[in-house]
Amino acid sequence: MTPVILLAEAQKSADVTDWPARIGWLIGLLLFIALVYWLMREGWKWRGTLQSDLPPLPGAPEETGEARLTMSGRYHGSTTAGQWLDRIVAHGLGTRSRVQLTLSDAGLDVVRPGAADFFVPAAALRGARLDKGIAGKVLTEGGLLVVTWAHGDKLIDSGFRSDHAAEHTEWADTLNQMINDTEGAR
């Protein structure tokens, strides 16, 4: 029994943590995360540069008339119409934010606290539908109101989600009826 005790006393256990190596790995990981973040930011800016041919967004006119519908909720972004992953970032259209929508005979007023507001004239509206996703945001079927509108020579889909999802159907129906009435008057 004595030789076993002597063997146990003679062994030295290894250090549990090699602090310099662990700190080095942590600093390396933080630098890698910072590099990835910087590359993503540069990509976002580059996409904005590529979309610089998009004209500035119109502001709301002085008099828009009586509101047909209002909605508060979230703005989830804009894409090239029909291409739900081709996000448009120029002029702040890629910035997600809270939103207050007002539909009137003049058009759709999009007020976004902390981001650029814009106005879609009634003549520029092309359609509205219920969908399940737009550029990085996927919801249940019909969980997103997508409004298609013309800006310059480009058709744009903008995605909105109401605080009360039951409003989406009324909005889509009213927008499409308004578009049909406008086209019929031409």
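Preceding block: the structure.
In this report, we go over the structure that sits alongside the text. (Residues numbered from 1 in each chain as written. Predicted model: local features only at pLDDT ≥ 70, side-chain atom pairs only at ≥ 80, totals over all residues. Heavy atoms only, no water.)

Helix and strand counts for the chain come out as three helices and 10 strands. Counting from the amino terminus, helix and strand elements in the chain follow one another as α-α-β-β-β-β-β-β-β-β-β-β-α. The burial tally for the chain puts 33% of its 186 residues in the buried class. Contacts spanning at least 24 positions in sequence make up 61% of the contacts within the chain whose residues lie at least 6 apart. Total accessible area on the chain is roughly 11,400 Å²; 59% of this is exposed by carbon and sulfur atoms. (Helix = DSSP H or I, 4+ residues; strand = E, 2+ residues; numbered from the N terminus. Buried < 20%, exposed > 50% of the residue type's maximum accessible area, 1.4 Å probe, protein only. Contact = heavy atoms within 4.5 Å. Areas by Shrake-Rupley, 256 points an atom, 1.4 Å probe, with all protein chains shown as cover.)

What follows concerns the environment of Gly73. Among the secondary structure elements, Gly73 is positioned in strand β1 (residues 67–80). Taking the C-alpha atoms as reference, Gly73 lies 7.9 Å from His164; in sequence the two are 91 residues apart.

Across all of its chains, the model carries five salt bridges by this definition. Between Asp105 and Arg68 there is a salt bridge; the shortest N-O distance is 2.8 Å. Of this pair, Asp105 sits in the loop between β3 (97–104) and β4 (107–111) while Arg68 sits in strand β1; the two residues are 37 residues apart in sequence, bridging distant segments of the chain. On the basis of relative accessibility, which here comes to 52%, the residue Asp105 falls in the exposed class. Note on Arg68: relative accessible area 41%, which makes it partly exposed. Across the pair Asp157 and Arg129 runs a salt bridge, and its minimum N-O distance is 3.2 Å. Linking Asp157 in strand β10 (residues 154–162) with Arg129 in strand β6 (residues 125–131), this pair joins segments that are 28 residues apart in sequence. Three or more residues joined by partner-sharing salt bridges are found here, namely Arg129, Asp131 and Asp157. (Salt bridge = Lys/Arg side-chain N within 4 Å of Asp/Glu carboxyl O.)

Here the focus is the environment of Gly92. Structurally, the position occupied by Gly92 is in the loop between β2 (87–88) and β3. As a C-alpha pair, Gly92 and Ser78 span 14 residues in sequence and 9.6 Å in three-dimensional space.

Moving on, we get to the environment of Leu144. Mapping Leu144 onto the fold places it in strand β9 (residues 144–151). Taking relative accessible area as the criterion, Leu144 reaches 0% and is therefore assigned buried. With 14 residues separating them along the chain, Leu144 and Leu130 place their C-alpha atoms 5.6 Å apart. Residues in contact with Leu144, not counting those within four places in the same chain, are His76, Arg129, Leu130, Asp131, Gly133, Ile134, Leu139, Gly159, Phe160, Arg161 and His168.

A grouping of Leu26, Leu29, Leu30, Phe32, Ile33, Leu35, Val36, Trp38, Leu39 and Met40 is seen on the molecular surface, where their side chains present a nonpolar patch of about 1,000 Å² in accessible area. Looking at the element boundaries, Ile33 is found in helix α2 (residues 19–50). (Patch = residues over 30% accessible without salt bridge, like charges linked within 9 Å, V, L, I, M, F, W, Y side chains within 5 Å.)

Bridging between β1 and β10 involves seven bridges; their strand directions are antiparallel. The residue of β10 that forms the bridge with Gly77 is Gly159. Note that β9 and β10 share seven bridges and pair antiparallel. Across the sheet, Thr148 pairs through a bridge with Asp157, a residue of β10. (Pairing = 2+ DSSP bridges.)

Interpretation note: all reported values are geometric properties and have no functional meaning in isolation.
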